[in-house]
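# Working through the structure, step by step
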Amino acid sequence: MFRIRSKVKYKKTNKRRDSPPSADIEMDSDEDVNTVLPLSQRPEWSDVTPVPQNDGPNPVVPIAYSEQFAEIMSYFRAVYLADERSVRTLHLTAEAIHLNAGNYTVWQFRRVIIEALNADLHDELDLVEQLASKNSKNYQLWHHRRWVAEKLGIEAVSRELEFTKKIFLNDAKHYHAWSHRQWVLLNLGGWEDELAYCNELLEDDIFNNSAWNQRYFVITRHPKLGGIEAILDSEVGYTIKAILTKPENESSWRYLRGLYKNNMQSFVTNPKISTLCLDVLTSQVYPVFALSLLLDLISNGFEPNQELKNAIEAVVPESNSQGLDIAAMICTVLEIIDRMRVNYWGWRKNNLHSQVAEGVANLNIH
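None of the values given here were measured: they were computed from a predicted structure.

Residues E200, E203, D204 and D205 make up a contiguous surface patch of negative charge. Inspection of the secondary structure puts D204 in helix α8 (residues 194-204). Taking the relative accessible area as the measure of exposure, D204 reaches 70% and is therefore exposed.

See the structure below:
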C-alpha cells in the first residue's frame, strides 16, 4: 500500500497554468500512514459533510476499517452522491485508490471526473504504473489502463508495449500484461517488432510457454505476415530447431502441432515432422512428446517406416509390445514412461480404431 505524506502534495510539473489538471498526487511509500493530514483538517474540504458507511443498526460482522480509510471513503461518498467533478475530487479518488485499488466504484467515478476535467492522461498512466509496481494483478487497474490507452490512441502504443515489457521482467507469464499487450496490438497497432520480441524472449528462456503463445498470436493475427500458410516453412524450421535443443520442452512441441491445426494433410505428409520424431527417439533423450506426436500422425493416416518402428521399440525394450500394431505399441510405451497420464494413454489405445478411421477419412476429404 502506498502511504501519503503528512501533506498531500500535487505533483509539480512544468505545465502552463492553463494546462489540464494533473491526474495524480504525489505519494511516498516510506512515510507512516498515520501522519497523513485528515481531510477534516484540510481547508479545501471544510464545505463537505462526510457520509459515513451505513451498516445498519446491528451489523453482524463489521469490518475494522482504519480511521484514515473510513474518513476518505466518507468524503468520497459525499462527493459521489453530489456528482462533484472537480480537481479536488480527482485527487480524492487517487487517495482512495491507493488505500484500496480494487474499488471499482472509485475507479469508475475517477473516469467520469477525468473526462469532465479533460485531465492529463499521461499523468494517469503514471498513476497506474505506480500502483502496478506494488500490485500488478489488479483487474480494475488493467481495465483503467486500457480505458486510458484507448483514449490516447496510437499515441499510447510505444508506452504500453514498454510497460508490459517491464512487467515481464518480474513475471514472464503475467496474464494481465499479456492480455493487455495483445489488446494494444489488435486495437492500436505496434506489430512491427513483435515477432522479434518473441524471439528475444525465447532465446532467453525456451521454456517460456507465454512467449510461445504470443508467437502463435503474432503469426496468426499480424496484419502483414499473411497468416500461417505464408510463413509455415520458416516457422516449422524455427520450431524444429527449438525442439532439438530441448526435446523435453512441451511448449515447442505444442507450437509445432498448432502450426498444422487447419492443415492436417501437410502435417501428415511433411517428412520433416516424422524425421524430427526419429531424431529425438534415436538420441535417447526425453521421448514422450516425440511419441505423442507420432501417435497423432498415425491417427491421421501416416504410415511409419521400419526405422521408426525400431526406434519406438528401442525406447522400452521390455514393454512386451511385440505383435501390436504401431499405434498400440506407442500407447503401451507411453503408459510405461508417462505414468502421470497412464489413464489417458490407455483410453487412446482403446479407441485407436475409431481415431485412425476418422483421421484417414478426414485426410482423404482434403
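We now examine unusual backbone geometry. Unusually for a residue other than glycine, D83 sits at a positive phi of about 55 degrees. For D83, the position within the fold is in the loop between α1 (67-81) and α2 (87-99). Look at D83 and you get partly exposed, because its relative accessible area is 37%. Positioned with a positive phi, Q284 is a non-glycine residue whose angle comes to about 60 degrees. For Q284, the position within the fold is in the loop between α13 (271-282) and α14 (288-299). Look at Q284 and you get exposed, because its relative accessible area is 74%.

Using the criterion set out here, one finds 15 aromatic pairs in the structure. Between W212 and Y255 the ring centres are 5.0 Å apart and the planes differ by 50 degrees, which places this aromatic pair in the tilted class. On the criterion of sequence distance, the pair formed by W212 in helix α9 (residues 209-221) and Y255 in helix α11 (residues 250-259) is long-range, its members being 43 residues apart. According to the relative accessible area criterion, Y255 is buried, its value standing at 4%. Positioned above the aromatic ring of F163, the side-chain terminus of R145 is 3.8 Å from the ring centre.

Criteria and thresholds
- Per-chain numbering applies: the sequence of each chain, read as written, is numbered from 1 onward.
- Only residues with pLDDT of at least 70 get local features here, since the model is predicted, and only at 80 or more are side-chain atom pairs given and counted; chain-wide, interface and lining totals rely on the full set of residues.
- With hydrogens and water stripped out, all remaining heavy atoms of the structure feed into the side-chain values.
- A residue counts toward a patch only above 30% relative accessible area and without a salt bridge, and it is joined to like-charged neighbours within 9 Å or, for Val, Leu, Ile, Met, Phe, Trp and Tyr, to nonpolar neighbours within 5 Å.
- Where accessible areas are quoted, they stem from the Shrake-Rupley method and a 1.4 Å probe; at the residue level, only the protein chains shown are allowed to cover.
- Any carboxyl oxygen of Asp or Glu that lies within 4 Å of a side-chain nitrogen of Lys or Arg is treated as forming a salt bridge with it.
- As used throughout, the charge tally considers Lys and Arg to be positive and Asp and Glu to be negative, leaving His and the chain termini uncounted.
- Taken as the charge location is NZ of Lys, CZ of Arg, CG of Asp or CD of Glu.
- By definition, any uninterrupted DSSP run of H or I lasting at least four residues is a helix, any uninterrupted run of E lasting at least two residues is a strand, and each is numbered from the N terminus.
- Accessible area is worked out with a 1.4 Å probe on protein chains only. A residue is then buried under 20% of its type maximum, exposed over 50%, and partly exposed in between.
- Pairing of aromatic rings covers Phe, Tyr and the six-membered ring of Trp, with a centre-to-centre limit of 6.5 Å; geometry is then stacked below 30 degrees between planes, edge-to-face above 60, and tilted otherwise.
- Counted as over-ring charges are cases with an Arg CZ or a Lys NZ within 6 Å of the ring centre that also lie within 35 degrees of the ring normal.

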